[in-house]
Amino acid sequence: MNPMTDLGLRFVRRPGPGGRAANLAALGATAIVALLVSFLIAGSLGLTHRSDRIGWCNTDDGEPKTAVGVVNEVHDMVAGDPVNRVDLAINNPKRDAELQPPPGLPHAPKPGEAFVSPELAKRWSEDLRTRYKLEQPTGIISDAGLSSPDELIVIRGVAKDSPGVAQSDHPRYLDTWRGNAMDSRMAMLLALVAFGIALVLFPLLSLVGQAAGVAAKRREHRLAALRLAGATRSQVLWLSAVEQAVLGFLGAIAGLIGYVVLSPLIARIPLGGGRWYLHDLTPSWWVALIVLVAVPVLSVVSALIGLGRVSITPLGVVRGQTRKSTSALRLVLLVIGPIMLAVLGTGGAVLPLVIGIGMAALAVRVVGPWAVQVIGKFLARTAKGPVVLLAGRRLADDPKAAFRPVAALVLSGFVTGFLALFMPYGLSQDGKDVSFQLSTNQGQTAVVAEDARKRLSEAGFKGEVTTGDQTVNISVSTTERERLRTVLYDVVPSQVPLTDAERDKQDAGVFQDMRLGVALLLGLVFVTGAASTAAGAVGTALDQAAPAKALRRSGVPLQVIERSARLAAVVPVVAVGLPVVGFGALCGLALSGGQVITQGSSGVILLLGQVVVGLVLVAVAGAAGAPVLRKASVG
């Protein structure tokens with residue numbers, strides 16, 4: 001075995017003073033990275049799997065003369081819940097006999113047959129029996145044809161050229177029963193996932209860097225001593241790579257195990273119309289392989305980048321030379337992202353928009369250390385006591401190290417500011433729930449209105465039927481909403497009587513997905529920020545062990561050292577994080593064309609929540625780092 005490989009493995013097993021705490025912090029941070037990466041990859045693939053099972057209904061790849069079938073989707077309601085009704089007509093019986101049936105069905109439904117999802121079968125009522133003229137459903141759609149176990153869907157067979165599937169109604173023509181067109185709702189969720197990855201990418205990378213550099217100071221001095229003892233640059237880098245690769249690999253395994261354990265809970269998240277099938281979220285072997293390779297590789301790369309100074313100037317490390325200050329030229333990056341978003345707008349393609357958001361997040365990550373350096377110099381010049389002076393000098397001397405522990409938390413402020421103004425939180429809820437409205441063809445309004453009056457009278461309902469421009473409005477004061485809908489069910493063929501409020505409820509599922517997506521995204525960002533801040537607190541405590549020990553020997557009270565450390569942790573979050581929230585809001589406004597899309601007080605609550613969570617995390621991190629600093633500075 002290579003001597004440096006053996007030495008690296010020894011350092012993992014016996015890390016030395018303070019090394020165990022550093023390794024545990026790095027291992028925990030890496031495990032969280034692996035868990036979140038597994039969730040993002042498996043969740044994206046799961047959405048694709050869900051879409052594939054129901055995509056045949058959305059496929060429009062056939063010709064009217066040769067297509068095997070014709071479908072038309074209709075919005076329905078059952079007991080106040082939206083139902084998707086698919087009317088299907090077999091257009092070519094000969095081809096139907098030769099082809100595989102639609103996913104989840106034993107055969108394509110013939111006229112008069114109706115296959116329903118298990119959840120809708122549980123709700124099969126007298127009203128549904130009357131509407132579909134079936135005492136019981138013809139059959140149950142299996143999991144292979146459902147997006148979610150909660151899905152409410154009925155696939156019924158209708159005659160060729162029936163209303164809704166006639167050529168004049170412009171239905172979808174299917175070349176086979178196995179089309180895989182992307183479902184519109186799943187496509188929207190995948191687009192949101194792409195935006196989410198762009199927003200959470202840099203907090204995740206920041207956490208990877210934090211995990212790799214959690215004991216950077218300890219490793220710098222140890223490796224610098226090896227360089228001075230005669231070790232070559234390549235040997236030092238290899239030693240560090242071995243040590244970090246082992247920690248990264250163990251963390252990746254722990255993260256994958258954690259994701260598998262949490263998968264049943266994640267599957268209960270009602271995205272895309274309902275809960276998930278567990279097999280949609282179960283990572284395949286190649287997903288696990290990607291995580292097991294990518295996370296350690298990123299950790300090693302981050303560690304080697306952080307050790308570049310050791311490999312070149314080991315004597316400078318030992319002598320404690322001041323690091324090169326950051327340049328104000330970094331500020332130029334702040335204008336690239338907002339300009340890209342303003343030019344593209346909400347109608348732009350997904351990939352350029354994702355790049356624009358990524359550039360804005362990168363600007364925050366790059367400009368952060370410069371801002372910390374400026375603040376540190378200001379505090380050092382204006383300090384009235386030792387606590388502020390020590391904190392200011394610490395920030396000014398090594399702004400990158402000071403910003404690194406809170407980088408993920410500051411980036412979460414950018415995400416929050418962006419979403420607080422740009423996130424549509426729902427419909428206006430202006431729809432009225434007082435009357436059914438039906439659309440009619442030219443010249444059919446009076447006939448439909450008369451038919452509706454006759455049906456109401458025969459069923460014993462008293463109400464008002466009025467007509468408009470190709471519309472019929474039916475107002476009835478009753479609590480028997482579903483029975484009334486059943487009475488009027490086919491007054492207009494292929495159209496279900498719905499109120500404006502019920503139509504809003506049909507469309508509300510998309511906005512519910514968006515709201516839940518925001519909550520999940522912020523959850524990911526806050527978990528990343530918490531892990532990065534906690535790991536950073538341990539790393540910072542170890543980095544400051546030697547200066548703290550020297551200060552204690554010179555008579556500085558431990559309380560002053562700890563207070564200055566806490567102040568140095570709080571300042572980047574407050575002084576840099578709050579402006580970053582405003583920068584995120586600016587990017588959101590640029591993308592939306594200057595329009596605040598969020599309705600109500602949701603955006604303000606989101607911003608206040610970010611501030612509270614940030615301060616709490618910093619306080620918790622300070623509490624986690626204090627014992628390590630206290631122990632490491634003894635001597």
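From a predicted model like this one, the values you see are computed outputs, not experimental measurements.

Caption draft 1: Molecular detail of the pattern of salt bridges. Summed over the entire model, instances satisfying the criterion amount to 23 salt bridges. The partner of Glu73 in a salt bridge is Arg172, with the nearest N and O atoms 3.1 Å apart. Of this pair, Glu73 sits in strand β1 (residues 69–78) while Arg172 sits in strand β6 (residues 172–174), placing them 99 residues apart in sequence. Taking relative accessible area as the criterion, Glu73 reaches 31% and is therefore assigned partly exposed. On the basis of relative accessibility, which here comes to 27%, the residue Arg172 falls in the partly exposed class. A salt bridge links Glu119 to Lys122, with the nearest nitrogen and oxygen atoms 3.8 Å apart. Here the residue Glu119 and the residue Lys122 both occupy positions in helix α4 (residues 118–122), the gap between them amounting to three residues, near one helical turn. The exposure class assigned to Glu119 is buried, which follows from its relative accessible area of 19%. Here the salt bridges share partners, and the residues they tie into one network are Asp76, Arg131, Arg481, Glu482, Arg485 and Glu502.

Caption draft 2: A look at unusual backbone geometry. The phi dihedral of Lys133 falls on the positive side, at around 55°, and the residue is not glycine. Assignment of secondary structure puts Lys133 in the loop between α5 (126–132) and β4 (139–140). Notably, Asp161 is not glycine yet its phi reads approximately 70°, a positive angle.

Caption draft 3: Structural detail: the environment of Leu389. In this fold, Leu389 is placed in helix α15 (residues 386–397). Overall, Leu389 belongs to the partly exposed group, its relative accessible area being 38%. Put simply, Leu389 and Lys377 are twelve residues apart on the chain and 9.5 Å apart in space, counted from C-alpha to C-alpha. Those residues in contact with Leu389 that lie beyond four places of it in its chain are Ala380 and Ala383.

Caption draft 4: Seen up close, the sheet that holds strand β7 (residues 435–439). The three strands are arranged β7-β9-β8 in an open sheet whose pairing can be described as antiparallel. Both edges of this open sheet fall to β7 and β8 (463–467), since each of them pairs with a single strand only. In this sheet, adjacent strand axes meet at a mean angle of 15° when their direction is disregarded. Here helix α18 (residues 445–459) sits on the sheet and contacts β8 and β9 (471–476); the angle it forms with β9, its principal contact strand, is near 20°.

Criteria and thresholds
- Residues numbered from 1 in each chain as written.
- Predicted model: local features only at pLDDT ≥ 70, side-chain atom pairs only at ≥ 80, totals over all residues.
- Heavy atoms only, no water.
- Salt bridge = Lys/Arg side-chain N within 4 Å of Asp/Glu carboxyl O.
- Helix = DSSP H or I, 4+ residues; strand = E, 2+ residues; numbered from the N terminus.
- Buried < 20%, exposed > 50% of the residue type's maximum accessible area, 1.4 Å probe, protein only.
- Contact = heavy atoms within 4.5 Å.
- Pairing = 2+ DSSP bridges.
- Axes fitted to C-alpha atoms, helices over the stretch in contact; angles between N-to-C directions.

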